[in-house]
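Chain residues, written in single-letter form:
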Amino acid sequence: MNSPAEIRTLVTDIVQATPVFDIHTHLYDPAFGELLLWGIDDLLTYHYLIAEGFRQSDVPYEKFWALSKTQQADLIWDALFLRHSPVSEACRGVLTVLQALGLDVRKRDLPALRAHFAQWEVGEFTTRCLELARVRQVCMTNSPFDPLERPVWERGFARDPRFAAALRIDPLLLDWANTAPQLHAWGYEVRADFSGQTFGEVRRFLADWTRRIDARYCMVSLPAEFAFPAETAEARLIEHAILPHGREHGQAFALMIGVRRGVNPQLRMAGDGLGLADVGAVENLCAQFPANKFLVTMLARENQHALCVAARKFRNLHVFGCWWFLNNPSIIEDMTRMRLEMLGLSMTPQHSDCRVLDQLVYKWSHSRGIIGRVLAEKYADLAATGWEPTRAEIERDVHDLFGGALERFLKD
Ligand code: FIX
Ligand code: ZN
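What to know about the overall build of the protein chain
So, step 1. Summing up its helical and strand segments, the protein chain has 18 helices and 8 strands in all.
So, step 2. Over its C-alpha atoms the protein chain spans a radius of gyration of 22 Å, differing by no more than 12% from the 22 Å that the globule rule assigns to 412 residues.
So, step 3. Residues counted as buried form 55% of the 412 residues belonging to the protein chain.
So, step 4. Taking contacts inside the protein chain between residues at least 6 apart in sequence as the whole, the part at least 24 apart equals 77%.
So, step 5. Carbon and sulfur atoms provide 51% of the accessible area of the protein chain, an area that totals close to 17,700 Å².
So, step 6. Averaging the positions of the 45 positive and the 52 negative side-chain charges in the protein chain gives two centres separated by 1 Å.

Thoughts on the pairing of strand 3 (residues 163–168)
So, step 1. Taken across its 6 residues, strand 3 has 6 buried, putting it largely inside the fold.
So, step 2. Along strand 3, one buried face is formed by F163, A165 and L167 and the opposite face, lined by A164, A166 and R168, is buried too.
So, step 3. The pairing of strand 2 (residues 135–139) with strand 3 spans 2 bridges and is parallel. Residue V138 lies in a different strand from strand 3, and its bridge partner there is F163.

Section: helix 17 (residues 359–384)
So, step 1. Between its terminal C-alpha atoms helix 17 stretches 38 Å, which fits the 38 Å expected from 26 residues at 1.5 Å a residue.
So, step 2. Taking burial as the measure, the 26 residues of helix 17 include 19 buried ones, the bulk of the element.
So, step 3. Following helix 17 by one or two positions, G386 adopts a phi angle in the positive range, close to 105°.

A few points about the side chain of T210
So, step 1. As for its placement among the helices and strands, T210 is situated in helix 12 (residues 198–213).
So, step 2. Of the polar contacts made by the side chain of T210, one reaches the backbone oxygen of L206; its length is 2.7 Å.

Comments concerning the pairing of strand 4 (residues 215–223)
So, step 1. Of all 9 residues making up strand 4, 7 are buried, and the element is well covered by its neighbours.
So, step 2. Here strand 3 runs beside strand 4; their pairing, made up of 3 bridges, is parallel. By the bridge assignment for strand 4, L167 is matched with C218.
So, step 3. Each parallel crossover has a hand, and for strand 4 linked through helix 13 (residues 233–249) to strand 5 (residues 252–260) it is right-handed.

Considering the domain arrangement of the protein chain
So, step 1. When cut into domains, the protein chain gives domain 1 (4–35 + 134–411) and domain 2 (40–119).
So, step 2. Measuring from the centre of the C-alpha atoms in domain 1 to the corresponding centre in domain 2 gives 28 Å.
So, step 3. The partner domain 2 presents 20 residues to the 20 residues of domain 1 that form the contact.
So, step 4. Both faces combined, the contact of domain 1 with domain 2 buries some 1,900 Å², and carbon together with sulfur accounts for 63% of it.
So, step 5. Taken together, the links from domain 1 to domain 2 amount to 1 salt bridge.
So, step 6. Where R268 meets E62, a salt bridge forms, and the shortest distance between an N and an O atom there is 3.8 Å.
So, step 7. When residues of the side of domain 1 that touches domain 2 are assigned to their parent elements, the largest contribution, 6 residues, is made by helix 17.

Comments concerning the state of the cysteines
So, step 1. Overall, the coordinates contain 0 disulfides when judged by the stated rule.
So, step 2. The structure places no disulfide on C91, whose sulfur is separated from the nearest cysteine sulfur, that of C354, by 16 Å.
So, step 3. The class of C91 is buried, set by a relative accessible area of 2%.

Notes on the coordination of the zinc ion (ligand 2)
So, step 1. Within the protein, the zinc ion (ligand 2) binds to H24 (NE2), H26 (NE2) and D353 (OD); these donor distances fall in the range 2.0 to 2.1 Å.
So, step 2. Sequence spacing of the donors to the zinc ion (ligand 2): H-x1-H-x326-D. Separated by 327 residues along the polypeptide, H26 in the loop between strand 1 (20–22) and helix 2 (40–44) and D353 in the loop between helix 16 (329–343) and helix 17 bring together distant segments of the chain.

Examining the pattern of salt bridges
So, step 1. The final tally for this structure, using the stated rule, is 26 salt bridges.
So, step 2. Because the salt bridges share partners, they merge into one network encompassing E333, R337, E341, R373, E377 and K378.

A short note on the environment of M256
So, step 1. Turning to its location among the elements, M256 is positioned in strand 5.
So, step 2. Each C-alpha atom of the pair M256 and A224 lies 9.7 Å from the other, and the pair is 32 residues apart in sequence.
So, step 3. Residue contacts for M256: discarding those within four places in its chain leaves H24, R168, M219, V220, S221, L222, T297, F320, W323, H351 and D353.

Observations regarding the layout of surface pockets
So, step 1. Volume-wise, the largest pocket comes out at about 1,000 Å³.
So, step 2. If you list the elements that add at least two residues to the lining of the largest pocket, you get helix 3 (47–55), helix 5 (69–82) and helix 10 (170–174).
So, step 3. Top element by residues in the lining of the largest pocket is helix 3. It accounts for 3 residues.
So, step 4. When its residues are assigned to classes, the lining of the largest pocket shows 17 nonpolar, 8 polar and 12 charged.
So, step 5. Summarising the domain contributions, the lining of the largest pocket has at least three residues from each of domain 1 (4–35 + 134–411) and domain 2 (40–119).

Conventions adopted
- Residues numbered from 1 in each chain as written.
- Chains lettered and ligands numbered in written order.
- Predicted model: local features only at pLDDT ≥ 70, side-chain atom pairs only at ≥ 80, totals over all residues.
- Heavy atoms only, no water.
- Helix = DSSP H or I, 4+ residues; strand = E, 2+ residues; numbered from the N terminus.
- Rg over C-alpha atoms; globule rule 2.2 N^0.38 Å.
- Buried < 20%, exposed > 50% of the residue type's maximum accessible area, 1.4 Å probe, protein only.
- Contact = heavy atoms within 4.5 Å.
- Areas by Shrake-Rupley, 256 points an atom, 1.4 Å probe, with all protein chains shown as cover.
- Lys, Arg positive; Asp, Glu negative; His and termini not counted.
- Charge placed at Lys NZ, Arg CZ, Asp CG, Glu CD.
- Pairing = 2+ DSSP bridges.
- Expected span 1.5 Å × (residues − 1).
- Polar contact = N/O pair within 3.5 Å; in protein donor to acceptor, adjacent residues only side chain to side chain.
- Right-handed = clockwise from strand over helix to strand, strands pointing away.
- Domains from an automatic or database assignment.
- Buried area = accessible area lost by both parts, 1.4 Å probe.
- Salt bridge = Lys/Arg side-chain N within 4 Å of Asp/Glu carboxyl O.
- Disulfide = S-S within 2.5 Å.
- Donors = N, O, S within 2.8 Å, 3.2 Å for Na, K, Ca; no water.
- 1 Å grid on protein atoms, 1.4 Å probe; cavity = no way out; pocket = protein on both sides within 12 Å on 5 of 7 lines; lining within 4 Å.
- Points joined across faces, edges and corners; volume = space filled by probe spheres on them.
- Nonpolar A, V, L, I, M, F, W, Y, C, P; charged D, E, K, R; others polar.

As structure tokens, this is what we get:
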């Protein structure tokens, strides 16, 4: 019989080696040019670090935003890395990336780091990061409403198979008053009051973009107040356009619930917060639309247990990721343990939400360590009953946790 120490070694090896399908990121296929962020200045100006930087600096907001990206990175490096030890998860992440790339972080030499990144070419750097992170494919977040992204899709380009697409539709659901005239201008016969062919035309818009980008699923992030059913524009659009579209085209609907946008607007993208949401809305969707598939992640830690309970009730609900403020080691460990205990392997414990290519390296390195530890404990508990897991069984299970179960869910 394998000892707990032997099981730990076996599980750690497998968790380290298994390639990941990263199901939600904000990365772009390199064909999108400048939209794909990478390198030390983008790492340092990640919005997680901007939020932390303002806490350790008294720079006025407007002055910070008027700086160039390099100057902002200088300021954050000084405030978060030189004046204090970089112990936060987002700071530590930068150091994990630099170390994995073979850089000596002891020197605390930002110009030398910049000189290193200047030598890279984006195509080679993309391959290097995916290799270091052992990520086989990333899912992008693709918005037809983004004025920078939209023309690239319209022009067309040769797809990099390592970058899958997801159709992101926040303005459609959350800003219908402004989106209706926009859709109209693009040739879709929609009306702000939902009369006439509106829902059919929204479906035509969704179908056109699903085809154009070859979307894996359709996605939205929603405020904590999200309710369903409800007499709101988003609830009507979900019922009469998104879900019929999903059934017709076999597209799951991904909901990220619990964000409160612009809690401090002075922080711009770093200014969003969170709120406790109603898991009942998710249960209602799953119960009323059993022919639809729902991918759900929630932002409040306090929602996680109820979301697991909901997933036990509905097999058309797949829970994923430790989103944003939850993506910290202590919380990932807690959530992963709870999900394994309540849902077994029928969930996806993590996505990266990377905005900067290099972050794949740290987000997956940190998460693999935690997931491996928790899994080893679970297999050791099984072994103690006499149910010894084989290498092949563990490999199968880890493949499922790292995107395999989700791919099956999307396909079935
Ligand atoms: O809505 C989202 O997809 C969020 O992940 C982002 O809006 C957020 O800014 C983020 O980067 C979180 O990690
Ligand atoms: Zn995201």
